[in-house]
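Tertiary structure, described
The chain contents come next:
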Amino acid sequence: MTIYDILGKSNYAGKPLKLEMAAESRAAYLFLKTPKASGKTSSQTSNYYLPRNSCALIIDVGSSTIDITAVTADSNNSVYNHGNNYLGVRCIDFMIRDLYVSKIKKDPSAFTHFNDIVRNNPEYPTSIVMSCREAKEELFRLGDSSDSVDIHAEPSEEIFLREVEELIDSHEVVPALESFLDLPSDVISSMRGKSWRRLFQEFLRDTKQEIIKKNINIGRIIVTGGASWMPGNDFGEFMNN
């Protein structure tokens, strides 16, 4: 039985059913509030639910944007909303694509083959970004710097998590963003010379300061989106108020 089997039905297993589609971050919040949703016994649940008089901080790091929302424990009210339209992790996919091409260049025969494909399909360098995204997500799930996966493009190329971490930590992000976004001049100036990690840390730090000024008590942090598995994140910093 799948969710598609019960869509539109008013009951399931003899019980009334109301099925609603929700955004990923919203679904994570509802999961946190629902008794026994975590599969834990009653004696284990105290650390899994949102304390009263506190908020869940939902950090949604998606492909295009980062959105941060504080939602109260006893209602559906949002007491804080903030976001960044330029720090989604899609830019990392393009950075990996550039790394992939730089590796191919070291093998003359592979690079000749790659250029032959591009001549027949000029959009090919853009299309392989999806393969780079899949490789990135698999590496994040593996989580060890020595882990590697193949980028399944033509030609195939091995990439290591430590290489992706270096891109995130050390490489300027603006060139990657400019390859698919029309960035305002003030955004370029504010980001110039900074890595994705540095910009992400600055964004979290500024957001935390705003939350502290508003006296918002954070009881739980929920991380969703494409960077949920990213190693070396700084989400826990919000709990050190």
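Here's what I pulled together on the structure shown here. Predicted, not measured: the structure shown is a model, and the values here were computed from it.

On to the overall build of the protein chain, then. Summing up its helical and strand segments, the protein chain has 10 helices and 8 strands in all. Split into buried and exposed, the 241 residues of the protein chain put 41% on the buried side. Pairs at least 24 residues apart make up 58% of the contacts formed inside the protein chain by residues separated by at least 6 positions. With an accessible surface of roughly 13700 Å², the protein chain has 48% of that area assigned to carbon and sulfur atoms.

Pairing in this open sheet of 4 strands is mixed, and the strands run β5-β4-β3-β8 from one edge to the other. Each edge of the sheet is formed by a strand with only one pairing partner; in this case those strands are β5 (78-84) and β8 (218-225). Here the average twist between neighbouring strands, direction ignored, is 15 degrees. Where strand β3 (residues 55-61) lies against β8, 7 bridges are found, and the strand directions are parallel. In the sheet register, A56 faces β8, and the bridge partner there is R220. On top of the sheet, helix α10 (residues 196-213) reaches β3, β4 (66-72), β5 and β8; it is set at about 155 degrees to β5, its chief contact.

What follows covers the packing of aromatic side chains. Given two aromatic rings, their pairing is described by the distance between the two centres and the angle made by the two planes. Evaluation of the coordinates by the stated rule reveals 5 aromatic pairs. Pairing F111 with F114 gives two aromatic rings, centres 6.4 Å apart and planes at 15 degrees, and the pair type is stacked. In this pair, F111 and F114 are both assigned in helix α4 (residues 108-120), 3 residues apart and thus about one turn of the helix distant. Judged by its relative accessible area of 5%, F114 falls in the buried class.

Here the residue pair E154 and P155 is connected by a cis peptide bond, since its omega of 0 degrees sits within 30 degrees of zero. Position of P155 relative to the elements: it lies in the loop between β6 (148-151) and β7 (157-160). Of note, N215 is a non-glycine position whose phi angle comes to about 55 degrees, a positive value. If you trace the backbone, N215 turns up in the loop between α10 and β8. Given a relative accessible area of 70%, N215 falls into the exposed group.

Further remarks concern the environment of E163. Relative to the elements of secondary structure, E163 occurs in helix α7 (residues 161-170). When the C-alpha positions of E163 and I96 are compared, they lie 8.8 Å apart, and in sequence the two are 67 residues distant. Sequence-distant contacts of E163, that is, excluding residues within four places in its chain, are made with L99, K103 and E158.

Right, let's talk about the packing of helix α3 (residues 90-104) against α7 for a bit. The interhelical angle for the contact between α3 and α7, taken along N-to-C directions, is 125 degrees, at an axis separation of 10 Å. Classified by the angle their axes make, α3 and α7 are oblique. Seen from above, α3 lies across α7 with right-handed handedness. Contact residues: I92, M95, I96, L99 and K103 in α3; E163, V164, L167 and I168 in α7. Across the contact of α3 with α7, the residue classes break down as 7 nonpolar, no polar and 2 charged.

Glancing now at the pattern of salt bridges. In the structure shown here, the tally under the stated rule is 9 salt bridges. Across the salt bridge formed by E137 and R133, the nearest N and O atoms sit 3.3 Å from each other. Pair noted here: E137 and R133 are both in helix α6 (residues 129-142), with a separation of 4 residues, about one helical turn. For the salt bridge of E202 with R198, the shortest nitrogen-to-oxygen distance reads 3.2 Å.

Among the nonpolar cores identified, the biggest contains 55 residues, and I92, I159 and W196 are the most heavily contacted of them. With 9 residues, α3 is the single largest residue contributor to this core. When near neighbours in sequence (up to four residues on either side) are disregarded, I159 contacts I96, L99, K103, A135, L139, D147, S148, V149, I151 and V164. By size, the runner-up hydrophobic cluster in this structure holds 6 residues, among which are L50, A56, A73 and I222.

Criteria and thresholds
- Residues numbered from 1 in each chain as written.
- Predicted model: local features only at pLDDT ≥ 70, side-chain atom pairs only at ≥ 80, totals over all residues.
- Heavy atoms only, no water.
- Helix = DSSP H or I, 4+ residues; strand = E, 2+ residues; numbered from the N terminus.
- Buried < 20%, exposed > 50% of the residue type's maximum accessible area, 1.4 Å probe, protein only.
- Contact = heavy atoms within 4.5 Å.
- Areas by Shrake-Rupley, 256 points an atom, 1.4 Å probe, with all protein chains shown as cover.
- Pairing = 2+ DSSP bridges.
- Axes fitted to C-alpha atoms, helices over the stretch in contact; angles between N-to-C directions.
- Phe/Tyr/Trp six-rings, centres within 6.5 Å; stacked < 30°, edge-to-face > 60°.
- Parallel < 35°, antiparallel > 145°, perpendicular 65-115°, else oblique.
- Left-handed = near helix turned anticlockwise from the far one by under 90°.
- Nonpolar A, V, L, I, M, F, W, Y, C, P; charged D, E, K, R; others polar.
- Salt bridge = Lys/Arg side-chain N within 4 Å of Asp/Glu carboxyl O.
- Core = buried A, V, L, I, M, F, W, Y, C linked by side-chain atoms within 4.5 Å.

Geometric values such as these leave the question of function open.
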